[in-house]
Amino acid sequence: VYVPYALDYAFMLNSRWQRLTYSYAHYIFMHAMLSQTAHTISIFLTIILALWRYVSVCHPNLKNAVMKRTLLAILTSYVLAPLISLPYFFSLGISTEDIYIYSHNMTEIRNGNFSQLDVPTSGGEIGEGGEGGIMKFTKYYVHSSKFAQRHNAVFLWVYSVIIKLLPCIALTYFSLQLIRALYEAKKRKEKLTGSGNVSVKLMTKKKQADRTTRMLIAVLLLFLITEFPQGIMGLFSALLHHHFYTFCYQKLGKLHI
């Protein structure tokens, strides 16, 4: 979902005028909806993966019972994610604003496929851009909806607590438990190796399991690094209201541009 959006801004596939058209505003709107839904699904799937790995390592006797419900958990993620994201969907809308451009920019604007309206020039004529000519057109852009303006706290609480912080807490718990299990397994392996009663096949299997667990821990830690600050910022915005959201959250959100 994010690739076309990233390519557009990385290689300037659309001009700055084309990005203010009605069709492009709808593209950005749909991109925001789809990317948020896909991101939420990926969060839930990451939790399921961490839970399965936690059970597999720390409670192997429950592995078969958990695996039988894995498909149901995955399907539930795909159904639940759009429902949880509903406040985010309602928080965005397409706004309009009239812009007036002098005649020397008319060619560039027309190439942008805008909704256009010519107004009289200083000579009283309407049309092709003589000196003093002005073109009026309407730009379209994605902005906060009336729902967001009235119920912004609802969106921020759902976004920060349910979508960000609760998964981070769950993943932190699973990560710590996996690290503890990995450390205990390493100690047991050292004891077995020291006694000389372990086969090469068993040692290879244990090393493979350790590598898998380490890789998952790395993924989970990267997840926490990226998601936890967003959850904290969203929570502060819900608690401190408009000023923090406008002057801190949105400003920090533009650092990647």
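Residues numbered from 1 in each chain as written. Predicted model: local features only at pLDDT ≥ 70, side-chain atom pairs only at ≥ 80, totals over all residues. Heavy atoms only, no water.

Considering the overall build of the protein
For the protein, the count of helices and strands is nine helices and three strands. Along the protein, helices (α) and strands (β) appear in the sequence α-α-α-α-α-β-α-β-β-α-α-α when read from the amino end. Within the span of the protein, comprising 257 residues, buried residues form 36% of the whole. Sequence separation of 24 or more characterises 74% of the internal contacts of the protein that already satisfy a separation of 6 or more. Carbon together with sulfur atoms contributes 65% to the accessible area of the protein, which is approximately 16200 Å² in total. (Helix = DSSP H or I, 4+ residues; strand = E, 2+ residues; numbered from the N terminus. Buried < 20%, exposed > 50% of the residue type's maximum accessible area, 1.4 Å probe, protein only. Contact = heavy atoms within 4.5 Å. Areas by Shrake-Rupley, 256 points an atom, 1.4 Å probe, with all protein chains shown as cover.)

Here's the deal with unusual backbone geometry
Phi at Met12 is positive, roughly 50 degrees, even though this residue is not glycine. Along the polypeptide, Met12 turns up in the loop between helix H1 (2-11) and helix H2 (22-58).

As for the environment of Ile232
With respect to the helices, strands and loops of the structure, Ile232 is situated in helix H8 (residues 200-240). A relative accessible area of 26% places Ile232 in the partly exposed class. Note: C-alpha distance between Ile232 and Lys164 (68 residues apart in sequence) is 8.4 Å.

Describing a nonpolar patch on the surface
On the surface, Val79, Leu80, Leu83, Leu86 and Phe90 cluster together to form a nonpolar patch covering roughly 460 Å² of accessible area. Contributions of two or more residues to the nonpolar patch are made by helix H4 (70-84) and helix H5 (86-90). With three residues, H4 is the largest single contributor of residues to the nonpolar patch. (Patch = residues over 30% accessible without salt bridge, like charges linked within 9 Å, V, L, I, M, F, W, Y side chains within 5 Å. Salt bridge = Lys/Arg side-chain N within 4 Å of Asp/Glu carboxyl O.)

Re the nonpolar core
Membership of the largest hydrophobic core comes to 33 residues, with the highest contact counts inside it found for Met33, Ile43, Tyr88, Leu92, Leu171, Leu220 and Phe223. Elements supplying a minimum of two residues to this core: H2, H4, H5, helix H7 (146-195) and H8. Every residue in contact with Leu220, bar those within four places of it in the chain, is listed here: Thr46, Ala50, Leu171, Ser175 and Leu178. (Core = buried A, V, L, I, M, F, W, Y, C linked by side-chain atoms within 4.5 Å.)

A look at the packing of H1 against H2
Look at H1 against H2: their axes get within 10 Å of each other, and the N-to-C directions meet at 130 degrees. Judged by the angle between their axes, H1 and H2 are oblique. Of the two possible hands of crossing, H1 and H2 adopt the one that is left-handed. In contact with Tyr2, Pro4, Tyr5, Asp8 and Tyr9 of H1, H2 contributes Tyr24, Tyr27, Ile28 and His31. When grouped by side-chain class, the residues that make up the contact of H1 with H2 number seven nonpolar, one polar and one charged. (Axes fitted to C-alpha atoms, helices over the stretch in contact; angles between N-to-C directions. Parallel < 35°, antiparallel > 145°, perpendicular 65-115°, else oblique. Left-handed = near helix turned anticlockwise from the far one by under 90°. Nonpolar A, V, L, I, M, F, W, Y, C, P; charged D, E, K, R; others polar.)

Focus on the side chain of Lys139
Following the sequence through the fold, Lys139 ends up in strand E3 (residues 134-144). Aside from chain neighbours lying at most four places away, what touches Lys139 is Leu20, Ser95, Thr96, Glu97 and Ile99.

Examining the side chain of Ser77
Mapped onto the elements, Ser77 comes out in helix H4. One polar contact links the side chain of Ser77 to the main-chain carbonyl oxygen of Ala73, over a distance of 3.0 Å. Setting aside chain neighbours within four positions, we find Ser77 in contact with Ile41, Phe44, Leu45 and Ile48. (Polar contact = N/O pair within 3.5 Å; in protein donor to acceptor, adjacent residues only side chain to side chain.)

Notes on the confidence of the model for the protein
Per-residue confidence for the protein gives a mean pLDDT of 76; residues scoring 70 or more make up 77%. When pLDDT is averaged over each element of the protein, H4 comes out on top at 91 and strand E2 (residues 115-119) at the bottom at 46. Every residue in residues 111-119 is under pLDDT 50, and counting partners more than four places away or in other chains gives 30 contacts. Long-range and interchain partners of residues 121-132, a stretch whose pLDDT sits below 50, account for 19 contacts in this model, where long-range means more than four residues apart. (pLDDT = per-residue confidence, 0-100.)

A closer look at the pattern of salt bridges
Counting across every chain of the model gives four salt bridges. Across the pair Glu97 and Lys139 runs a salt bridge, and its minimum N-O distance is 3.6 Å. Taken together, the residues span a long stretch of sequence, with Glu97 in strand E1 (residues 92-102) and Lys139 in strand E3 at a distance of 42 residues. The salt bridge partner of Glu184 is Arg180, with a shortest N-O separation of 3.0 Å. Within this pair, Glu184 and its partner Arg180 are both found in helix H7, separated by four residues, close to a single helical turn. You can call Glu184 partly exposed: its relative accessible area is 34%. Its relative accessible area of 38% is what places Arg180 among the partly exposed residues.

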